[in-house]
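Coordinate analysis (summary)
Residues per chain are reported as follows:
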Amino acid sequence: SNDRRTKRYERRQKKAQTKALAAEHDGGQIETNGARGNNASDEKFAKLLSQNEDDLLTFVADINKLYQDKLDKPAPFVTFVICGMQSAGKSTIMERFMNAPVNIVQEGTGTRCPLDTTCIHVSNLSVPTCELSGKELVGSPLTDLTIEQAFDAITQHNRALANEDKFSSESLKLVYRANNVQNMCFVDTPGIISNKSTGEDHRDSIKKILRDTMKKPRSKLCVLVEPKEFSTNAIIDFCDETFESTTNGRGWKEDAIVLMTKYDKNLEDSRTTNKANKFFSEYHELGIFPYVSITPTLDREDLQPDQLFIKRKKLLESATAYEEEKFEGWIAAHAKCREVDPENAQLSPEIASRIGFSAAKNKMREVMLLDTAARLPEVLKSIREELTKCRNEKEILEGKRKYRNPDYLKLKVGDLLQRACKRVGEYLDGDLEAAIKFPESLMDLDDELDREDESEWADRTLGSAASVEDEEKWRDLIHTLIEREEGLPDYVYADKKFIGGKQFQRAKELMKAAMLESFPNVGEMKDYVASGAGYLQGGLQRENWERATLSIVKTTSKTAMHPGINFFIKHAGSIFRNLFQVALKDINQLPETKHLFDICPGMESFVSLKFDDMVWALMESAAANTHLAIEPYYSCLDPNLPNFRPPEHDTDEEDEEVDLNESIVSKLASMFRKTLDDAVTKQLLRDRGRERASEKRKFLAEKRASMINDEETDEIIKSAFQYLLSLHEFIETILNFQTNYSLYNAFKEELESFSRVVSDSDWTEMLPQDDSLDAMIDDLDDKINGLKGSLDSVNKMQMKF
């Protein structure tokens, strides 16, 4: 069995390679299902929007909010992840972007979880507003907060984590609207601890938080380095170890924006341009070009939240002026040094262009604008896809709500099954549309044999006329026929791909071809013929050649026919069940039946099992009727079997008989052409019946030895062989009618009643049970409205442009 499957697989591979080579030779291309590109109008819209910066940033803020609030997904546009050592000033840098204190600052690691912040510029907003949410935030979501209230909530949340001595990867999400911020997304992360202190070691937890944050789409690393020599800057080693590459596969140094904070600590050591250039040269040689910034700090930070907020707010208000004063003094000192010592070079342009927080801020804004303009078409496409997805999900949920009624469910499933069974009937009668619509469902003979061989029915006993082991030998026989040099006969069309009735027809032709090959070699029975003749039957001491011949016919017919009939019926059953699956896929594309199986997940399996039960019962009935139909024909001998001529009676007399038969047929045909005379016709038939009844035919020789000898055995075998040929031809005709009637047409009849049979089943377990359906539908409505609102904004802006 495994060998057959392996060989079949190898044949399919060979066919596929041959087809590919032929396509290549003809210059053809094998079709691929590529992803559809972005819409041309989206590309044009993105180009126009990128030329209108305020509109672009406003739109980005709306989309980010949509993703975060409605879809519960990360913002689709670039988000800066701020990473630095403990007390490197990450929260302070973030607050300089916002021009407001929002996060806890204290000695040690104050930030205990990521703070995912979206800044939205609202020009007509006089007082900033905040929204704060998080899975672990008490009272989440918190809306319509002042900046002071947001600061207090964030501080309390971080202190609660600190009291438990833990870090959390569950971020707080802050949406900050003000008239003095630029649209931007960034995440403040816990500071990296360089050495284990007292208490639990949290370094691995912090690394995990950073890695998880950077895995979000469109994350851009913003690294804060201390004003130290490159070799002693611990954050560099940490990034090398933690971030092997950024999201696009490049090294982190190539993509990250690096800020050197608290540079006032290094002003004295870099008081000359030569010292400053030398200090930064090692960074530059290794591909790191830091922006330098200075932010004023408080003398003490162990204050109550309200006092801390006021003092930090004042510091932020003076931060820009403070920084400018420090750097102006630093640059002026460089100029004086050059006057005193002309060998002092100019400050490197790579340093001069990166002085001050505003330079870093402008760079980050540039990165964000470029990323947004490039990514906007993809995001718009994603929004449309998400809208379609939400609508489909809503349709399924609304369907589930309807299908809680068992009567409604029965009605719909009954309608679905009637349509499916009708489609199966159409496939059997011939359906070109289905062949074109579902090319993947077309099968060659190898596909069908694989499906039958791997089915559980292959190992299931079908009646008592043939065993599973006999059927397995039949499969081996077919495999041998396929593997031989000349292969199967052309009329089997083994390589053609069919669907429907043609599959059944091919299965019958395969059965006929295999039956011809399955007959045992009658000559090999020579040694057993004498035993079949017996002795003194009916008290007559005469060699019973007829009984020996009948034994040969019986034994040979049983061996050759019954396993083949079982295999054919299983082959046909496998075709029927596959057509039902194609029909389910077919009708599930119709609007009135779409999503039914999604609504009731167990329904498809349920109806498929019912269909399989129906087909198997039909197969059992067909097998019993077919075996029974052919058994009488080999249970006795009839020398008058059509087309049978014993070898010793091949004479002119027989030729005359054939001529007589032909003349009667000709006479009848001639009469029907001229005039229809019922009396004359019946008289001709009566005469023919009388002739046949009185006809004398010889079967086996009358003169026989008292003990059968080899020469007589050969004569019996020869006669039996001639009889078997005629019998096989005759039974083949019987099988053709019988399988058409008891299998093919009976299957069509069962299709008509199948939906009624299934509707009588117990549907209780099929009913969708979900008490949260209403809430889920409301949630989808909220998402759909948000998505539609974003697309409406696109349409309005397109009209504006």
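So, how was this worked out
- Counting from 1, residues in each chain are numbered in the order their sequence is written.
- Only residues with pLDDT of at least 70 are given local features in this predicted model, and only at 80 or more are side-chain atom pairs given and counted; all residues enter the totals for whole chains, interfaces and linings.
- Heavy atoms from the whole structure form the basis of all side-chain values; hydrogens and water molecules are not counted.
- Helix numbers and strand numbers start at the N terminus; a helix is a DSSP run of H or I with at least 4 residues, a strand a run of E with at least 2.
- The rule is simple: take the accessible area with a 1.4 Å probe, protein chains only, and divide by the maximum for that residue type; under 20% is buried, over 50% is exposed, in between is partly exposed.
- Note that accessible areas follow from Shrake-Rupley with a 1.4 Å probe, and for residues the cover is restricted to the protein chains shown.
- For two strands to be treated as a pair, DSSP must find no fewer than two bridges joining them.
- Contacts are assigned to residue pairs that have any heavy atoms within 4.5 Å of one another.
- Helix axes are fitted to C-alpha atoms over the stretch in contact, other axes to C-alpha atoms as well, and angles between N-to-C directions run from 0 to 180 degrees.
- Put simply, a patch holds well-exposed residues, over 30% relative accessible area, that have no salt bridge, with like charges counted together within 9 Å and Val, Leu, Ile, Met, Phe, Trp or Tyr side chains within 5 Å.
- Note on definitions: salt bridges are taken to be side-chain nitrogens of Lys or Arg within 4 Å of carboxyl oxygens of Asp or Glu.
- A 1.4 Å probe that fits into a set of points on a 1 Å grid over the protein atoms alone but cannot get out defines a cavity; an open set with protein on both sides within 12 Å along at least five of seven lines defines a pocket, and lining residues are those with an atom within 4 Å of a point.
- Grid points are joined across faces, edges and corners, and a volume is the space filled by probe spheres set on the points.
- Polar here means any residue other than Ala, Val, Leu, Ile, Met, Phe, Trp, Tyr, Cys and Pro, which are nonpolar, and Asp, Glu, Lys and Arg, which are charged; Gly is therefore polar.
- Any two rings among Phe, Tyr and Trp, with Trp reduced to its six-membered ring, count as a pair given centres within 6.5 Å; such a pair is stacked if its planes are under 30 degrees apart, edge-to-face if over 60, and tilted if neither.
- As a reminder, the over-ring test applies to NZ of lysine and CZ of arginine, requiring each to be within 6 Å of the ring centre and within 35 degrees of the ring normal.

Remarks on the overall build of the protein chain
- Along the backbone of the protein chain there are 25 helices and nine strands.
- The proportion of buried residues among the 801 residues of the protein chain is 47%.
- Just so you have it, the protein chain exposes about 41600 Å², and 49% of that area is on carbon and sulfur atoms.

Examining the sheet that holds strand β1 (residues 79-84)
- With respect to topology, nine strands assemble into an open sheet ordered β4-β3-β5-β2-β6-β1-β7-β8-β9, the strand pairing being mixed. Of all strands in the sheet, those with a lone pairing partner are β4 (142-145) and β9 (291-292), marking the two edges.
- Across the sheet, helix α7 (residues 234-242) touches β1 and β7 (219-225), and the angle it forms with β7 is around 150 degrees.

Points about a nonpolar patch on the surface
- A surface patch of nonpolar side chains, amounting to about 330 Å² of accessible area, comprises Y491, Y493 and L516.
- Looking at where L516 falls in the secondary structure, it is placed in helix α17 (residues 501-518).

With respect to the layout of surface pockets
- Roughly 690 Å³ of volume is contained in the largest pocket.
- Lining of the largest pocket is provided by 29 residues; of these, Q68, D72, S133, S171 and K173 occupy positions nearest its centre.
- A breakdown of the residues in the lining of the largest pocket according to their chemical character gives 10 nonpolar, eight polar and 11 charged.

What about the packing of aromatic side chains?
- Under the defined criterion, the tally for this structure stands at 22 aromatic pairs.
- On the numbers, 5.9 Å between centres and 85 degrees between planes, the contact of F580 with F754 is edge-to-face. Here F754 lies in helix α24 (residues 710-759) and F580 lies in helix α19 (residues 545-587), a separation of 174 residues in the sequence.
- For F580, a relative accessible area of 0% puts it in the buried group.
- An aromatic cluster is built from F504, F568, F576, F580, F611, Y744, F747 and F754, whose rings are joined through pairwise contacts.
- If you follow R112 out to its NZ or CZ, it ends over the ring of F167, 4.3 Å from the centre.

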